[in-house]
Amino acid sequence: NPYGEETTGYFRWVDIGTRDGNVDDYNLDLTAGLRGYLDWNNASWEVYYHRNKADNKSVGQYYLSYSGLAYNQQNDIDLGSDEGVANMKATTLQESSSTFDQYFAGIGFDLGELPGGTISHYVGAEYFEQTYADIYDGQSEAGRIGGSAGNSSEGLRDVTALFFETVLPVTETIEVNLKARYDDYSDFGDNIAPAISARWDVAEGVVIRGSYSESFRAPGLDLLNAARTFSAEAAIDYNNGSTTSRQYDTYYTQNSELDAETSDYTNLGVAWDVNDNLSFKLDYFMLSVDNVIQSKSLQSLISDEAAGLITAVSPDADTSNETFYLKRAASGTLIEAGTSYFNGAGFEIEGIDFTINANLETDFGDLRFSNVNSFVLTYDSEVGGVVQNTTGWSGQPKLKSVATISWSY
């Protein structure tokens, strides 16, 4: 380099061969239990044990050995020679495993009376353990393999849950359903998720119904325990004047600060069975999800920089304790990035579903018609750090309609 400046060159190690993987998956799923009845309030009980075990092994061929590349450079071996190519070939190994052991017990019974009939109850408990391991070969762990991504990680958790459900026949035409579930995670915390629903048989064939429920989803073991891993992410660095996409060194790490997703769902609707061959359903729904667990892409990280949410650091900055970062040279060139999963602002969808089902019997066969229509009224989601109504944007149409006609003879 006649200008005396540090620079970076790129090449494709095509002589090594086409990268390929041989994957062997093994999965075992067993359930064993007992069911029975008691001579008490029409009670029925159930206990079972459920075990799932998965083992996955992946052998990768024709990857680049950075150690072999360095050996070639140290000894002036031509990278395109047979010896040079052999030195640079690497075989990778990934061994993944998970186990799930669940113990369940529940009992349903009738207790109490209302004008509409007997009150039904169900109570239960479950306990389950999960283990997770994703082990890579030593060279991959050390970051000495080119063209591969991933690193070893493992974790475990156990969960204890209690739940109940009650069906209240308020009158002969009105029924209310109450239920709730309590979960206690060893590595995360606890949560109570309630739900209520009701239905009213207004007239013959006409039902008005409604429901409200809350739920949550804890971060997966892989997201909480993943080790630092390399990826060559593609992005357009608009902040540095680029208009074309290229790959940048990006490192994914675990995010121990991840919180659970929470959501609430509301539904109101009416169903009308005109006769045995024609029915209509009209439903209003609203789904709100907060703290959505999602991966922050490199492009999103660059957008955060443009919005002033993060500031790029110099190439020699210590980012060992940083999850989300951008490293830029003095010229502004993007050198390296770090990212992970995070809890986004979430989204809220409000809409109406309308469904038609019809049957027609003829001498030449039976015809069935179904038409499902979804009208999205609002779709509020986070874009560039700002919550916007994205209804009608690409991939999020205001109307989706699916019509199906089938004939059987």
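Our subject is the structure listed above.
Each value, and the rule that gives it
Residues numbered from 1 in each chain as written. Predicted model: local features only at pLDDT ≥ 70, side-chain atom pairs only at ≥ 80, totals over all residues. Heavy atoms only, no water. Helix = DSSP H or I, 4+ residues; strand = E, 2+ residues; numbered from the N terminus. Rg over C-alpha atoms; globule rule 2.2 N^0.38 Å. Buried < 20%, exposed > 50% of the residue type's maximum accessible area, 1.4 Å probe, protein only. Salt bridge = Lys/Arg side-chain N within 4 Å of Asp/Glu carboxyl O. Pairing = 2+ DSSP bridges. Axes fitted to C-alpha atoms, helices over the stretch in contact; angles between N-to-C directions. Patch = residues over 30% accessible without salt bridge, like charges linked within 9 Å, V, L, I, M, F, W, Y side chains within 5 Å. Areas by Shrake-Rupley, 256 points an atom, 1.4 Å probe, with all protein chains shown as cover. Core = buried A, V, L, I, M, F, W, Y, C linked by side-chain atoms within 4.5 Å. Contact = heavy atoms within 4.5 Å. Arc of directions from axis to C-beta. 1 Å grid on protein atoms, 1.4 Å probe; cavity = no way out; pocket = protein on both sides within 12 Å on 5 of 7 lines; lining within 4 Å. Points joined across faces, edges and corners; volume = space filled by probe spheres on them.

**Concerning the overall build of the chain**
Part 1 of the reasoning: Across its full length, the chain carries five helices and 21 strands.
Part 2 of the reasoning: Whereas a compact globule of 409 residues would reach a radius of gyration of roughly 22 Å, the chain reaches 29 Å, over 25% beyond that.
Part 3 of the reasoning: The dimensions of the chain, computed from C-alpha atoms along their principal axes, are 95 × 55 × 50 Å.
Part 4 of the reasoning: The burial tally for the chain puts 31% of its 409 residues in the buried class.

**Looking at the pattern of salt bridges**
Part 1 of the reasoning: Scanning all chains against the criterion turns up 14 salt bridges.
Part 2 of the reasoning: Salt-bridge contacts for E46 lead to R35; the nearest nitrogen and oxygen are separated by 3.3 Å. Residue E46 is found in strand 2 (residues 43-65), and its partner R35 is found in strand 1 (residues 20-38); the two are separated by 11 residues along the sequence.
Part 3 of the reasoning: On the accessibility criterion, E46 (21% relative accessible area) is partly exposed.
Part 4 of the reasoning: K296 serves as the salt-bridge partner of D304, at 2.8 Å between the closest nitrogen and oxygen.
Part 5 of the reasoning: Classification of D304 by relative accessible area gives buried; the value is 11%.
Part 6 of the reasoning: One connected set of salt bridges, linked through shared partners, spans E126, R181 and D183.

**Comments concerning the sheet that holds strand 15 (residues 325-328)**
Part 1 of the reasoning: With mixed pairing, four strands are arranged side by side in an open sheet as 10-11-16-15. For this open sheet the edge positions go to strand 10 (229-235) and strand 15, each flanked by a neighbour on one side alone. On average, each strand axis in the sheet is inclined to that of its neighbour by 30°, with strand direction left out of account.
Part 2 of the reasoning: Judged from the four bridges that link them, strand 15 and strand 16 (residues 334-339) form a sheet pairing that is antiparallel. When the sheet's bridge partners are listed, L326 is paired in strand 16 with A337.

**Looking at unusual backbone geometry**
Part 1 of the reasoning: A positive phi angle, near 50°, is found at N41, a position not held by glycine.
Part 2 of the reasoning: Following the sequence through the fold, N41 ends up in the loop between strand 1 and strand 2.
Part 3 of the reasoning: With a phi close to 55°, D76 is a non-glycine residue in the positive phi region.
Part 4 of the reasoning: Inspection of the secondary structure puts D76 in the loop between helix 1 (66-74) and helix 2 (82-88).

**Quick word on a nonpolar patch on the surface**
Part 1 of the reasoning: The grouping of V123, F164, L178, I196 and Y212 at the surface amounts to a nonpolar patch, some 380 Å² of accessible area in total.
Part 2 of the reasoning: As for its position among the elements, L178 is in strand 7 (residues 174-185).

**Notes on the nonpolar core**
Part 1 of the reasoning: Among the nonpolar cores identified, the biggest contains nine residues, and these are A235, Y248, L298, L301, I302, I310, L326, L334 and A337.
Part 2 of the reasoning: Among the elements of the structure, helix 5 (298-306) and strand 16 are those that each provide at least two residues to this core.
Part 3 of the reasoning: Looking at this core, the element that brings in the most residues is helix 5, giving three residues.
Part 4 of the reasoning: Each residue touching I302, except ones within four places of it in the same chain, is listed here: A235, I236, D237, Y238, N239, L326 and L334.
Part 5 of the reasoning: Listed in part, the seven residues of the second largest apolar core include F100, F128, A218 and A260.

**Description of helix 1**
Part 1 of the reasoning: Looking at helix 1, one finds that the buried residues are G68, L69 and N72. Along the axis of helix 1, the buried positions cluster into a sector of 100°, meaning they face one direction only. Exposed residues on helix 1 whose side chains face more than 90 degrees from its buried face are Q73 and Q74.
Part 2 of the reasoning: Contact partners of the buried residues in helix 1: strand 2 and helix 2.
Part 3 of the reasoning: Just beyond helix 1, the residue with positive phi is D76, at close to 55°.

**Notes on the side chain of T355**
Part 1 of the reasoning: Within the element layout of this structure, T355 appears in strand 18 (residues 347-362).
Part 2 of the reasoning: We classify T355 as buried; its relative accessible area is 16%.
Part 3 of the reasoning: Apart from residues lying up to four places away in sequence, T355 is in contact with S279, F280, K281, N371 and V372.

**Overview of the layout of surface pockets**
Part 1 of the reasoning: One number sums up the size of the largest pocket: a volume of about 1,500 Å³.
Part 2 of the reasoning: Lining of the largest pocket is provided by 44 residues; of these, T8, Y10, Y66, F230 and D249 occupy positions nearest its centre.
Part 3 of the reasoning: Those elements that provide at least two residues to the lining of the largest pocket are strand 2, helix 1, helix 3 (138-141), strand 5 (145-146), strand 10, strand 11 (246-252) and strand 16.
Part 4 of the reasoning: Top element by residues in the lining of the largest pocket is strand 11. It accounts for five residues.

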